[in-house]
There are 2 protein chains.
Amino acid sequence: MESQEPNVTKSPLMPLMYSNRVPVKTILEGSDADTGFIGMTVVVGGWVRSSKEVRKEPVPPPSSSPQMAAGAAPLGTKDVSCVEILQSRIPFFRTIIRVLGGSASSPAVRQKLESLIAKPPPPSTFFLQINDGSSVSSLKVVIDSAIVPVFAGQILPTGTCVLAQGVLEKPSADEKQTIELKVEKILHVGTVEQDKYPLSRKRLPLDSLRDYPHIRPRTTTVASVTRIRSSLDFATHTFFQNHGFLHVQVPIITATDPEGFSEKFQVTTLLGEPSKKESSIGVSDADGVSLETIKAAIKEKSSLVEQLERTDSNREALAAALQDLRKTNELAKQVETREKSKPVTAVKPDHLVNFNADFFGQQSYLTVSGRLHLESYACALGHVYSFGPRFQAKKTESTKHVAEMWTVEAEMAFSQLEDAMKCAEDYFKFLCRWILDKCSDDMEFISKRINKTVTHRLEYMASSSYDKISYRESVEILRKATDKAFETQLQWGVPLTDEHLSYLVDDHYKRPVIIYDYPKAVKPFYVRLNDDGKTVAAFEMVIPQIGTVVTGSQNEERFDILNTRIKEFDLSKDQYEWYLDLRRHGTVEHSGFSLGFDLMVLLSTGLTDVRDVIPFTRSHGKANS
Amino acid sequence: MESQEPNVTKSPLMPLMYSNRVPVKTILEGSDADTGFIGMTVVVGGWVRSSKEVRKEPVPPPSSSPQMAAGAAPLGTKDVSCVEILQSRIPFFRTIIRVLGGSASSPAVRQKLESLIAKPPPPSTFFLQINDGSSVSSLKVVIDSAIVPVFAGQILPTGTCVLAQGVLEKPSADEKQTIELKVEKILHVGTVEQDKYPLSRKRLPLDSLRDYPHIRPRTTTVASVTRIRSSLDFATHTFFQNHGFLHVQVPIITATDPEGFSEKFQVTTLLGEPSKKESSIGVSDADGVSLETIKAAIKEKSSLVEQLERTDSNREALAAALQDLRKTNELAKQVETREKSKPVTAVKPDHLVNFNADFFGQQSYLTVSGRLHLESYACALGHVYSFGPRFQAKKTESTKHVAEMWTVEAEMAFSQLEDAMKCAEDYFKFLCRWILDKCSDDMEFISKRINKTVTHRLEYMASSSYDKISYRESVEILRKATDKAFETQLQWGVPLTDEHLSYLVDDHYKRPVIIYDYPKAVKPFYVRLNDDGKTVAAFEMVIPQIGTVVTGSQNEERFDILNTRIKEFDLSKDQYEWYLDLRRHGTVEHSGFSLGFDLMVLLSTGLTDVRDVIPFTRSHGKANS
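About the thresholds
Residues numbered from 1 in each chain as written. Chains lettered and ligands numbered in written order. Predicted model: local features only at pLDDT ≥ 70, side-chain atom pairs only at ≥ 80, totals over all residues. Heavy atoms only, no water. Phe/Tyr/Trp six-rings, centres within 6.5 Å; stacked < 30°, edge-to-face > 60°. Lys NZ or Arg CZ within 6 Å of the ring centre and 35° of its normal. Least-squares fit on C-alpha atoms with pLDDT ≥ 70 in both. Helix = DSSP H or I, 4+ residues; strand = E, 2+ residues; numbered from the N terminus. Buried < 20%, exposed > 50% of the residue type's maximum accessible area, 1.4 Å probe, protein only. Contact = heavy atoms within 4.5 Å. UniProt positions renumbered as here; feature names shortened; annotations may be inferred. Buried area = accessible area lost by both parts, 1.4 Å probe. Salt bridge = Lys/Arg side-chain N within 4 Å of Asp/Glu carboxyl O. Polar contact = N/O pair within 3.5 Å; in protein donor to acceptor, adjacent residues only side chain to side chain. Nonpolar A, V, L, I, M, F, W, Y, C, P; charged D, E, K, R; others polar. Axes fitted to C-alpha atoms, helices over the stretch in contact; angles between N-to-C directions. Parallel < 35°, antiparallel > 145°, perpendicular 65-115°, else oblique. Left-handed = near helix turned anticlockwise from the far one by under 90°. Patch = residues over 30% accessible without salt bridge, like charges linked within 9 Å, V, L, I, M, F, W, Y side chains within 5 Å. Areas by Shrake-Rupley, 256 points an atom, 1.4 Å probe, with all protein chains shown as cover. Lys, Arg positive; Asp, Glu negative; His and termini not counted. Charge placed at Lys NZ, Arg CZ, Asp CG, Glu CD. pLDDT = per-residue confidence, 0-100. Pairing = 2+ DSSP bridges.

Quick notes on the packing of aromatic side chains
Residue and element names in this part refer to chain A.
Here comes step 1: What the rule picks out here adds up to 53 aromatic pairs over all chains.
Here comes step 2: A cation sits over an aromatic face here: Lys52 above Phe127, 5.5 Å from the ring centre.
Here comes step 3: Between Lys264 and the ring centre of Tyr365, over which it is positioned, the NZ or CZ distance is 4.4 Å.

Structure follows, in C-alpha cells:
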C-alpha cells in the first residue's frame, strides 16, 4: 500500500485519454529510461506490421493457471487421451467464435474457426510487431496460443488489428528491443482479407500506395509523414499566435478572383442533385479515373519498366512493375470502350446559363488565394493569418501542385516588403527547427530509409542566413550561366521558370534564396508598384530541390494606382469594389505572404511528390475516396 | 548610459515584430501597472474610432522647437504680420501635400489641401481615439496642429488610418485613461471618404454590418468576435495536440457522400471559365443578391420598422430603418426588371451531362463532413482530428446554419460511444475555460454591451456536469411536458426538432444535456447499431439558447452490418468500397464527433446569428466580396 511505501515512484504508464490502451510510444520511451515498467499489466492496441509463428512441443499444464481463457483446457496434458483433449477444446473454440466471430468480417475466417473445432491446431507462440501510430517503432507482442485462444491465419497477417491485455516483460538477452508484451487476454481481433489487402505485399512503392489513400497511413512512411504534417500544423499556429497574429478563416467559396489569371473550379447547384444510385456512375467507371490520366500513368509505368530492365536491378520489382503495366493497359481499354458507348454531351456555354438561378445568385468559385480577404482583416486588426485549402483547376501533371492544397497566408498592416520577407524567413526557419526538435524519432526513420540528407538540410536552413537578390540580379546571374542551356531563354521581364530557379538555388547559391522586385507583368495586379514604374514589391522564397515555397508581396495601398492596375489587367472593377474600399477608407501600407504547406511537408520529409504527403490527393481525374 | 544606471528596468515597450509600431494593448496594459512608460517615444498605428477638435488661441512659438515639421513656421507669432504668417506657412502645406497627398485617395482631400495654402486654418488640438485591433480599448492620441501639419477633415473622420510617432504622457487628472500619446510626427494618414464610408453613421446594427464584411472588423464588436474566434481556434489545436491527437487535413472535394441525405454543392469546370469581364455579370446585378433574398430582407426590415414604431423608441433608428426599407424596395424593383429581361435558361439535367469530361472525371462535391475520411486515419494512427470548412447547399434562412461553416472533427480508434461523449464534453469545457482565461478583456466588453449573462454561462458550462439521457428518456420528458404545445407531435422514432431541444435544455434541465442512442432512421448509415436493433450509438450535445453544438457517434466496425445498412439507406455500395475496406482489413471499434465551430463562437460571444461571427458569410444568394 502507498502509505507503507512512500518512496515508490508513481507509475508513468498512463493510458491514452478516451481509450483504455497505453500508447506504444509511452511503453517504448519509458523502457529506454528503465523506469520499471517490467511486470506491469497494460492494454495495448494496434495493427500488425510483421509477425512470425514458432510451433512448440506440448508442455505440462499449470495446475490452475489464472491466465487461462474461460472454458479452455490447456494443451499438452499428457495424462488425458487425444479424444479428451479435443473434446475439452470444443468450448475453447466456441469462445473464440463468440468473442471474435462477431467482428471477424470474413466468412472464410468463420469457416476456419468452425473447422478448428473439429481439428485443433498444435500449440504455437506468435510474435507480433504491433504499431498504433504513436511512434515509428512497434511493440513486440507475444501470444502463447496454448494460453490465449487464437490461431495463425487470424492473427498473423499484416494489417490485423489487435487489442490485448498483458504483462510487460524483459525479452531474452539477444533481442534488440528492451521490452515486450506477454499477452494474457485478447480483447479484440480485426482480421484481414489477405488476398484483397493492398499492404499484404511488402514494400509497395509510394506511387502504388497512392491508389489506397485510406490504407496507406498504416505504412511506416505515411505514418511518419502524417505525424510531421500534424506537427508542422501546430508549429504554424504556435508561431503566429506567439507573434500577435489573429487567425481568420477566409471564405472558400468566392466571387472574387484573387489572381486574375488562374484556372478555377466553379461551385454550383445547377447541375442538379443526382439520385443516390446515379451519383456513383462516375465512381464505378474505372474508379473515377479519366482516360487521359490512365494514359499518363501508362507512360510513367512503361518508363519505370524500362529503367528497371536497364539497371538490371531487383527481379521481383521488375515483375511487379510489368504486372502493374499490364493491368493499367487493360484498364485503359475498358475505359475507352465505355467512353465511346456514352452519349457525348456538353453543358451550354456559360453566357447561356442563368447564374441568377444558381445557389449564390451569381458565378462562384473555389478560392485560389485568401490574401485579398485577409487584407480586409489586416486593415482593421493588424497582424492576421489564415490556414486553409486553396484550389486550382490546372490539368497539368506535376509533382509539386495538385488541385487542392493547404496554404498558410499572413498579412500585416503598417508593414512593408522587407517586413514580409523577414517574417516569412523567420516562420520558415521556425518550422525547420520545430521539426528537428519535436519529430526526432520520425526524422531518424526518414534519414535512414527515405533521404539521408534531409536532417542536415533542415539544420542548415534553420540556422543559415538567406541571400536576398532582386529579380534583376537573378537574371544577370542566369545570363552569365554559360555552362547551362535553359529551355526558356531569359531576358528581363519574363517569368523565372523551374529550371532557372533550380540553377539559382541548387547550382549557384546552394542554399535558400529570396528573390524580390519582379517585373509588374508577371505578378498579380494588387502588388505594390515600385517607384521605377516597372517592377512591383513581390518576393519569392526559393528552396533547394523544392522550388518556390513562399510567395509574398507588399500590396498596393494607393487607390489611384490600384484602380489603374485593375484596368491594365482588364479585370472587372465591380468585382473589386469591396477591395478598393480598403484604399478608399483608412488605407495603410501592408504586406504579407503565402506558404505552400504541402511543399513544406514535402521538404521536411525528403519526399519528392506532394501526392505522397497529402492525405487524400485531388488532381486531374482523381477525386475518388 | 546603461553601464552608469545598472538598476534601470529594461523597457518592456517592444514594438510588434515585422512592424515598427507598439501595439495599443501593450501601452494600455503596461500603463495600468505603472511601469514607467511615461516619457517614452513610440510609434503607434491604428484607425480612428472617435475624435474631437478643440480650437485654441495662438500662443507664442517656442524659440527653436525640435518637434516642428521641416519648413513650417509655428502659428501665433505676434510680431510678424498676417501676410508673413501666410507666406511662411506655404512650405508647411506643401509639405503636407508631399507627405500625405500621395496616399490621400480622395481628390476632394487634395483640393482641400490646395485651398488651405491660400487660407490656413486656425490652430487646433485634435483628440483621436486610435484602435489597432490589439485590444477593446483605444489609445488617446493628441495632435497639436500648430506643431504637426494636419487639418480636421483629413484626420478626424472615423476610420481614418494614422501612423504617428510621439511621447507617452500622463493625461490631465480628470481623464479616465492613464496614458496618452502626444504626437510629434505623423508618418502616415489614410483618409476616409465620409459620404461612402459605412461606419460613418454611428452604431450600425449588426445585421446592417453584414453588408460590409470587409469593413466590419473595424467595429468593436466584430473585432472582439475575431479575437475570441482566433483564441478558440488555438485552444482547439492545443486541446487535441495535448491529448495525443494528430491533425489530418481531410479532402474538401470528394465523391463520397458522408451523410446520404444532405444537399451538396457540385464542383465543376464544365460550366467554363468565364471571360474576365463577363465574370462580373452576377456581381453587378444588385451586388449578386437574388430576388428571393431581397424579398426576405424586405420582410425582415418591414417588421423592424413596425417594431420601432410600436415601441416608440429612438427616432433616428426609425428614420434609418425606414430609409433602409425604401432602398431595399427600390433594389427589388431593379432586380425584378433585370431578371425578366434575361433569357431563362437552364442547364441540362445531370443524366445528360458527361461527367467523364469533368475535371475529376466524375461528379464531385464539396464535403459535408470529414468524419468518414478521418476514420481511415484513426484506423491506422489512433487519435486524430480535423478542422476545416464543411458545406451544405441548404436554401433555408437560418440563424444557426449557412452554406460554409468550419467544423472540428475528432475520431479515435479503440474507443466507444462513452469515450466520444467524454472527449466532446472535456473539449467543450476546455474551450469555455480558455475563453474566460485568455479573453477577459473581450468578455468584459461583451458582458457590458452585448450579453450580460454570457460570462456567467461560460463559467457554469466550464465547471458543471452535463446530464446524459437517452433519446427514449428525452421523448418521455417531452411527452410529459403538458404545459408546452409542440408544433411537431412527438413519438418514438421521429427526430427531435429545435423546439424539443429548446424545451429540454432551456426549460427542463436548464443546462447542457447529452442525448444518446437515437433511432437508427434519424442518423447516418455509418453509426453503430445497438444490440436492440432499433437504436444506434449516436449522441448530441445540446447547449441552452444555442441548440446542438456537437454531434457524435460510435461508428459501425462490423463489415456485415455496415454493408446491410448501406443497402437499407439505398446508397451506392461502389461509392463506399474504400470505406468498407476499413472493416474488411483490421477493423476496430472507434468513435468520434463533430463540433460546429461557428456555433461555439456564437455561444462564446453571446450573439444570436452565425452570420455575425463568420468573417465572410456564404448563404443562399450571398457570396459577394
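Some points on the relation of the copies chain A and chain B
Here comes step 1: Least-squares fitting of chain A to chain B yields an RMSD of 0.1 Å, with the transformation described by 0.0 Å of translation along the axis and a rotation of 180°. Here the copies are linked by what is in effect a two-fold axis. Scanning chain A for the C-alpha nearest the rotation axis identifies Val267 of chain A, at a separation of 2.5 Å.

Some words on the environment of Arg457 of chain A
All names here are of chain A.
Here comes step 1: Considering the arrangement of structural elements, one finds Arg457 in helix α13 (residues 454–463).
Here comes step 2: Given the relative accessible area of 13%, Arg457 is considered buried.
Here comes step 3: As for Arg457 and Pro544, which are separated by 87 residues in sequence, their C-alpha atoms are 9.3 Å apart.
Here comes step 4: With residues near it in sequence (within four places) discarded, Arg457 still touches Ile543, Pro544, Gln545 and Ile546.

Some words on the UniProt feature "domain: Aminoacyl-tRNA synthetase class II (D/K/N)" (unreviewed entry) in chain A
Here comes step 1: Following the UniProt record, one finds the feature "domain: Aminoacyl-tRNA synthetase class II (D/K/N)" (unreviewed entry) at residues 357–618 of chain A.
Here comes step 2: Between the C-alpha atoms that bound residues 357–618 of chain A there is a distance of 28 Å. The span itself is 39% helix and 22% strand.

Quick notes on the interface of chain A and chain B
Here comes step 1: Facing 158 residues of chain A, the contacting portion of chain B comprises 158 residues.
Here comes step 2: When the two sides are added together, the surface that chain A and chain B hide from each other amounts to roughly 13500 Å², 59% of it contributed by carbon and sulfur.
Here comes step 3: In this structure, the connection of chain A to chain B is made through 0 salt bridges.
Here comes step 4: Run the count over chain A and chain B and you get 41 residue pairs in polar contact (both at pLDDT 80 or more).
Here comes step 5: Residue contributions to the side of chain A that touches chain B peak at 12 residues, all from helix α6 (residues 220–242) of chain A.
Here comes step 6: When grouped by side-chain class, the residues that make up the side of chain A that touches chain B number 65 nonpolar, 57 polar and 36 charged.

Quick word on the packing of α6 of chain A against helix α6 (residues 220–242) of chain B
Here comes step 1: Here α6 of chain A crosses α6 of chain B at 140°, and the two axes come no closer than 11 Å. Judged by the inter-axis angle, α6 of chain A sits oblique to α6 of chain B. Crossing of α6 of chain A over α6 of chain B shows left-handed handedness. Side by side, α6 of chain A and α6 of chain B meet where Ser230, Asp233, Phe234, His237, Thr238 and Gln241 of chain A of the first sit next to Ser230, Asp233, Phe234, His237, Thr238 and Gln241 of chain B of the second.
Here comes step 2: Here the contact of α6 of chain A with α6 of chain B is composed, by residue class, of 2 nonpolar, 8 polar and 2 charged.

Overview of a positive patch on the surface
All names here are of chain A.
Here comes step 1: Residues Lys176, Arg203, Lys448 and Arg449 make up a contiguous surface patch of positive charge.
Here comes step 2: Tracing the backbone shows Lys176 in the loop between β4 (161–169) and β5 (180–190).
Here comes step 3: Among the residues examined, Lys176 registers a relative accessible area of 82% and is labelled exposed.

Thoughts on the confidence of the model for chain A
For residues with low pLDDT, the predicted coordinates do not support detailed interpretation.
Residues and elements named next belong to chain A.
Here comes step 1: On average, residues of chain A score 83 in pLDDT, and 77% of them reach the 70 mark or higher.
Here comes step 2: Every residue in residues 1–10 scores below 50 in pLDDT, and together they form 1 contact with partners more than four places removed in sequence or on other chains.
Here comes step 3: Every residue in residues 101–105 is under pLDDT 50, and counting partners more than four places away or in other chains gives 18 contacts.

Remarks on unusual backbone geometry
Residue and element names in this part refer to chain B.
Here comes step 1: In this model, Tyr18 sits at a positive phi of 65°, which is unusual for a non-glycine residue.
Here comes step 2: Along the polypeptide, Tyr18 turns up in the segment before α1 (24–32).
Here comes step 3: Given the relative accessible area of 6%, Tyr18 is considered buried.
Here comes step 4: Within the chain, Asp517 stands out as a residue other than glycine whose phi angle is a positive 55°.
Here comes step 5: By the element assignment, Asp517 lies in strand β13 (residues 513–519).
Here comes step 6: Taking the relative accessible area as the measure of exposure, Asp517 reaches 22% and is therefore partly exposed.

Topic: the environment of Ser502 of chain A
Here comes step 1: Its place among the elements puts Ser502 of chain A in helix α15 (residues 498–508).
Here comes step 2: For the pair Ser502 of chain A and Gly547 of chain A, spaced 45 residues apart in the sequence, the C-alpha separation amounts to 6.7 Å.

Quick word on the sheet that holds strand β8 (residues 266–268) of chain B
Here comes step 1: Here 6 strands make up an open sheet; going across it, the order is β7(A)-β9(A)-β8(A)-β8(B)-β9(B)-β7(B) and the pairing antiparallel. The sheet is open, and its two edges are formed by β7 (253–254) of chain A together with β7 (253–254) of chain B, each paired on a single side.
Here comes step 2: With 2 bridges joining them, β7 of chain B and strand β9 (residues 364–366) of chain B adopt antiparallel strand pairing. Note on β9 of chain B: the bridge partner recorded for Thr254 of chain B is Tyr365 of chain B.

Focus: the pattern of salt bridges
Here comes step 1: Using the criterion set out here, one finds 58 salt bridges over all chains in the structure.
Here comes step 2: A salt bridge links Asp609 of chain B to Arg611 of chain B; the shortest N-O distance between them is 2.8 Å. The two residues Asp609 of chain B and Arg611 of chain B agree in class, both being buried.
Here comes step 3: A single network of salt bridges, built from pairs that share partners, joins Arg210, Glu397, Asp609, Arg611 and Asp612 of chain A.

Quick word on the pairing of strand β14 (residues 535–543) of chain B
Residues and elements named next belong to chain B.
Here comes step 1: Across the 9 residues that make up β14, a large majority, 9, are buried.
Here comes step 2: Examined bridge by bridge, β13 and β14 share 6 bridges and lie antiparallel to one another. Each bridged residue has a counterpart across the sheet, and for Tyr518 the counterpart in β14 is Val536.
Here comes step 3: Sheet analysis places β14 next to strand β15 (residues 547–555), joined by 6 bridges and oriented antiparallel. What sits directly across from Val542, in β15, is Thr548.
Here comes step 4: Where β14 hands over to β15, the hairpin turn is made up of 3 residues, of which Gln545 adopts a positive phi near 70°.

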